[in-house]
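Observations on the three-dimensional arrangement
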There are 2 protein chains.
Amino acid sequence: MEVRVFCPATIANLNCGFDVMGLCLENIGDEMIFRKTTTKGIQITKITGADLPYEVSKNVAGVAALAVIENRDIDFGIAIEIHKKIKAGSGIGSSSASAAGAVFGVNELLGKPFSKSELIEFAMKGEALASGSEHADNVAPCLLGGFTLVRGYHPLDVIKITSPEKIYAVVLHPHIEVKTVDARAVLEPSIPFHKAITQWGNLGGLIAGLYTQDYALISRSLQDVVVEPFRKHLIPHFEKVKNIAVQNGALGSGISGAGPSIFALCEGKKIAETVAEAMHTQYSKTRIPFDIYLSKINDKGVTLL
Amino acid sequence: MEVRVFCPATIANLNCGFDVMGLCLENIGDEMIFRKTTTKGIQITKITGADLPYEVSKNVAGVAALAVIENRDIDFGIAIEIHKKIKAGSGIGSSSASAAGAVFGVNELLGKPFSKSELIEFAMKGEALASGSEHADNVAPCLLGGFTLVRGYHPLDVIKITSPEKIYAVVLHPHIEVKTVDARAVLEPSIPFHKAITQWGNLGGLIAGLYTQDYALISRSLQDVVVEPFRKHLIPHFEKVKNIAVQNGALGSGISGAGPSIFALCEGKKIAETVAEAMHTQYSKTRIPFDIYLSKINDKGVTLL
């Protein structure tokens, strides 16, 4: 028995939703293959597209897969192939795609004992290997699709919001490395109260805009007064690209996850194409290599191929 | 020509929505009467139920009324009667009711040049006289009804959310004074980043719960890790009353505005009655006089009587 899984890329934070919001992309993602084996336990048998460890306990997908089978009596083993398409460190949920894909694929071979929502906590174990802490802001949208809000962690409480029909995302991935440790170091342990209020007003506006399909409200809400002012300096030409995106009609633009990818959300494919072209032209002027993606919001999340 | 206006009480903050969220109550509110006069300008001709200044520029309703007629060429004057039922300093929007009632009544006599949303900014001028700063978290729900989110102030951006059908509010008003200056002094200018994230996760959850009529989600979201831990000490027996409310089935409970009123939200009238009775019994054990109110959420806001 074999299942093939598409593990989509994701954008976390979305300006006003630091550590709580995320969305799922449609045509950017890894592929993973899961096969039942007679040897018990988890094995990673093939990895393409990235230089990742085959040792299960040191591999994000491996750790996530182990979390699903832990304490379960299973009379077969599982062999995993990982075909990475999402570059590590790009800021669009590369490790989360591996973690979410692993728990989804293993769950399929087990006969689906868990719902996608239940799988999030297992995927967080894999994510923790990559990021050092159990976060859900990428694994949640990767598993559930659409937009997701992580309301809280004690207990884990994730709300899925179906994307308004016309939202498209553009992602520009500059091929530079932003170390997670640096992205964290620029953030202070406290934030000014008035900025926190501005931020949660905007998050409330974003959630309201998503439910009412009010694109203008979504646009007004896509602001980040807390994290972007500090992190933008880590991403070369960030501000110029963001401004170009907004000037060309994007609803908003910001840092994808901890960067370095820069995202823009747009109303409709046509505007998204214009925005993508303008961002492409702008970044071509730098000497930094980059990729650019255009995607509808993926409402399904991780799926069988 | 005469119009009579009902000016409802409101609850601001709602635990996770400090400075941005509010809701409108149904059967608690002031009455105001507006009459056209031949003497131009605004006059306050009668005040009952409170010891407030008749001098227009020193009266919240007067200042708000003046803001509406400023720079307008009007060939009549307006006489205002104010019949206060909401006690000043109760924390359920007494000054906001006066400000919102004033702008609504004056707008009626002018032939409705402004929408209710447009009136919010004028009401904020009156509110500023009482609180020292232009806030909308009480005047917005008083004018629009339902739940309101103040996304931001530059420019003013208020989103109205119709209340889920079954939500009832219980308000306990202990007859003690919490000085605004004290309520502010206990708050620090910065807040821990992780608490801000918890708070905006909950605000996102509250907004999502309101749109999807998910009472359990609303309940899980009605938490305040930022303000309540500091302000609760200003309200005698707050924690006991809150716990009693929740133990008796309330979705959540917290400080109404800057206090001293304590509110609880409930799913359905029956639970609200049980909660009100339990809060009443609990507070009767103190020697502090109090009022208790039970109200459905008022979806209309300020209205003609």
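The residue numbering used here restarts from 1 in each chain and proceeds along that chain's sequence as written. Chain A is the first chain written and ligand 1 is the first ligand written, with later ones labelled in order. Reporting in this predicted model follows two pLDDT cut-offs: at least 70 for local features of residues, and 80 or more for side-chain atom pairs to be given and counted; totals over whole chains, interfaces and linings ignore these cut-offs and use all residues. The basis for every side-chain value is the complete set of non-hydrogen atoms in the structure, without hydrogens or water.

1. Observations concerning the packing of aromatic side chains
In this analysis, rings of Phe, Tyr and Trp, with Trp reduced to its six-membered ring, are considered paired at centre separations within 6.5 Å, and the interplanar angle assigns stacked below 30 degrees, edge-to-face beyond 60, and tilted for intermediate values. The full count for this structure, using the stated rule, is nine aromatic pairs over all chains. Between the aromatic rings of A:Y211 and B:Y211, the centroid separation amounts to 5.6 Å while the plane-to-plane angle is 20°, which identifies the pairing as stacked. In this pair, A:Y211 sits in helix α6 (residues 193-212) while B:Y211 sits in helix α6 (residues 193-212), so the two residues belong to two different chains. With relative accessibility at 24%, the residue A:Y211 sits in the partly exposed group. Taking 6.3 Å as the distance between ring centres and 70° as the angle between the ring planes, the aromatic pair formed by B:F193 and B:W200 counts as edge-to-face. Across the pair, B:W200 and B:F193 agree in class, each one buried. A helix here means a DSSP run of H or I that spans at least four residues, while a strand means a run of E at least two residues long, and both kinds are numbered starting from the N terminus. Three labels apply to residues, based on accessible area from a 1.4 Å probe with only protein chains included: buried if under 20% of the type maximum, exposed if over 50%, partly exposed otherwise in between.

2. Regarding the nonpolar core
By nonpolar core we mean a set of buried residues, namely Ala, Val, Leu, Ile, Met, Phe, Trp, Tyr and Cys, connected to one another through side-chain atoms within 4.5 Å. Of all hydrophobic cores here, the largest spans 172 residues; its most connected members are A:M21, A:F147, A:W200, B:M21, B:I120, B:F147 and B:W200. Setting aside residues no more than four positions away along its own chain, B:I120 makes contact with B:A136, B:V139, B:A140, B:L143, B:L144, B:L156 and B:V158. Note on definitions: a residue-residue contact is assigned when non-hydrogen atoms from the two residues lie within 4.5 Å.

3. Points about the interface of chain B and chain A
Listed as interface residues are 36 residues of chain B and, on the opposing side, 35 residues of chain A. Of the roughly 2700 Å² buried at the junction of chain B and chain A (both faces included), carbon and sulfur atoms supply 73%. What counts as buried area is the accessible surface, traced by a 1.4 Å probe, that two parts surrender upon association, with contributions from both included. Contact with chain A buries surface across chain B, with B:R151, B:F193 and B:W200 losing the most and accounting together for 30% of the total. Between Lys or Arg on one side and Asp or Glu on the other, a salt bridge is scored when a side-chain nitrogen of the former is within 4 Å of a carboxyl oxygen of the latter. On inspection of chain B and its partner chain A, the count reaches two salt bridges. Two residues, A:D157 and B:R220, come together in a salt bridge whose shortest N-O distance is 2.5 Å.

4. Some points on the domain arrangement of chain A
Residues and elements named next belong to chain A. If you check the domain split of chain A, you get domain 1 (2-162) and domain 2 (167-296). Where each domain begins and ends is defined by an automated method or by a domain database. Using C-alpha coordinates to define each centre, domain 1 is positioned 24 Å away from domain 2. Facing the 29 residues of domain 1 at the interface are 37 residues of domain 2. When domain 1 packs against domain 2, close to 2400 Å² is buried across both sides, 63% of that on carbon and sulfur atoms.

5. Thoughts on helix α3 (residues 116-131) of chain A
Residues and elements named next belong to chain A. By definition here, a helix of n residues has an expected span of 1.5 Å times n minus one. Its 16 residues give α3 an end-to-end C-alpha distance of 22 Å, which sits within 8% of 22 Å, the value for a rise of 1.5 Å per residue. Think of it this way: the bend at a residue is just the angle between two axes, each fitted to seven residues, one set ending at that residue and the other starting at it. F122 marks where α3 bends most, by close to 30°. Listed as buried for α3 are L119, I120, F122, A123, M124, G126, E127 and A128. Tucked into the core, α3 has its buried residues touching α1 (60-69), α2 (94-109), α4 (139-144), β5 (147-153) and β6 (156-161). In the segment just after α3, G132 is the residue with positive phi, at about 90°.

6. Let's talk about unusual backbone geometry
Trans is the prevailing form of peptide bonds, just as negative phi is the prevailing case for residues other than glycine. Here the bond from A:H154 into A:P155 is cis, since omega is 0°, no more than 30 degrees from zero. For the bond running from B:G259 to B:P260, omega is 5°, close enough to zero to count as cis. Within the chain, A:K112 stands out as a residue other than glycine whose phi angle is a positive 55°. Here A:K112 lies in the loop between α2 and α3. For B:H237, which is not glycine, the phi torsion reads 65° and is therefore positive.

7. A few points about the sheet that holds strand β9 (residues 252-255) of chain B
Residues and elements named next belong to chain B. Strand order in this open sheet of four strands is β9-β10-β7-β11, and the pairing throughout is antiparallel. Every interior strand has two partners, whereas the edge strands, β9 and β11 (290-296), have only one. Recorded for the sheet is a direction-independent mean angle of 15° between the axes of neighbouring strands. Any two strands are treated as partners once DSSP identifies two or more bridges connecting them. Alignment of strand β7 (residues 167-174) against β11, held across seven bridges, turns out to be antiparallel. Among the inter-strand pairings, Y168 is bridged to a residue of β11, identified as K296. In this analysis an axis means a line fitted to C-alpha atoms, helices contributing only their contacting stretch, and an angle means the value between N-to-C directions, from 0 to 180 degrees.

8. Looking at the pattern of salt bridges
Oppositely charged side chains can pair when the atoms bearing their charge come close. Residue and element names in this part refer to chain A. Inspection of the entire model under this criterion finds 32 salt bridges over all chains. Residue E2 pairs with R35 through a salt bridge whose shortest N-O separation is 2.9 Å. Note that E2 is positioned in strand β1 (residues 2-12) and R35 in strand β2 (residues 21-37), a separation of 33 residues in sequence. The exposure class of E2 is partly exposed, given its relative accessible area of 40%. Close ionic contact of D30 with K84 constitutes a salt bridge, the shortest N to O distance being 2.5 Å.

9. What to know about the sheet that holds strand β10 (residues 262-267) of chain A
Residues and elements named next belong to chain A. A sheet is described by the order of its strands in space; here four strands give the open sequence β9-β10-β7-β11, paired in antiparallel fashion. Two strands lie at the open edges of the sheet, namely β9 (252-255) and β11 (290-296), each paired on one side alone. Strand-to-strand, the axes of this sheet are offset by a mean angle of 15°, without reference to chain direction. Across four bridges, β9 lies against β10 in antiparallel orientation. Its bridge partner being in β10, G252 is matched across the sheet by L265. Packing against the sheet, helix α9 (residues 238-247) makes contact with β7 (167-174), β9 and β10, and its axis sits at approximately 160° to β9.

10. A look at the environment of B:M124
Residues and elements named next belong to chain B. Of note, M124 is situated in helix α3 (residues 116-131). Residue M124 is classed as buried on the basis of its relative accessible area of 4%. For the pair M124 and V60, spaced 64 residues apart in sequence, the C-alpha to C-alpha distance is 9.6 Å. Beyond its immediate stretch of four places on either side in the chain, M124 contacts E134, H135, A136, V139, Y153 and L156.

11. Focus: the UniProt feature "domain: GHMP kinase N-terminal" (unreviewed entry) in chain A
Per the UniProt entry, the sites bearing "domain: GHMP kinase N-terminal" (unreviewed entry) are residues 64-146 of chain A in this numbering. For residues 64-146 of chain A, the helix share is 53%, the strand share is 8%, and the end-to-end C-alpha distance is 22 Å. UniProt positions are given in the numbering used here, feature names are shortened, and annotations may be inferred rather than shown by experiment.

12. Observations concerning the environment of A:A97
Structurally, the position occupied by A:A97 is in helix α2. Separated by 89 residues in the primary sequence, A:A97 and A:V186 place their C-alpha atoms 26 Å from one another.

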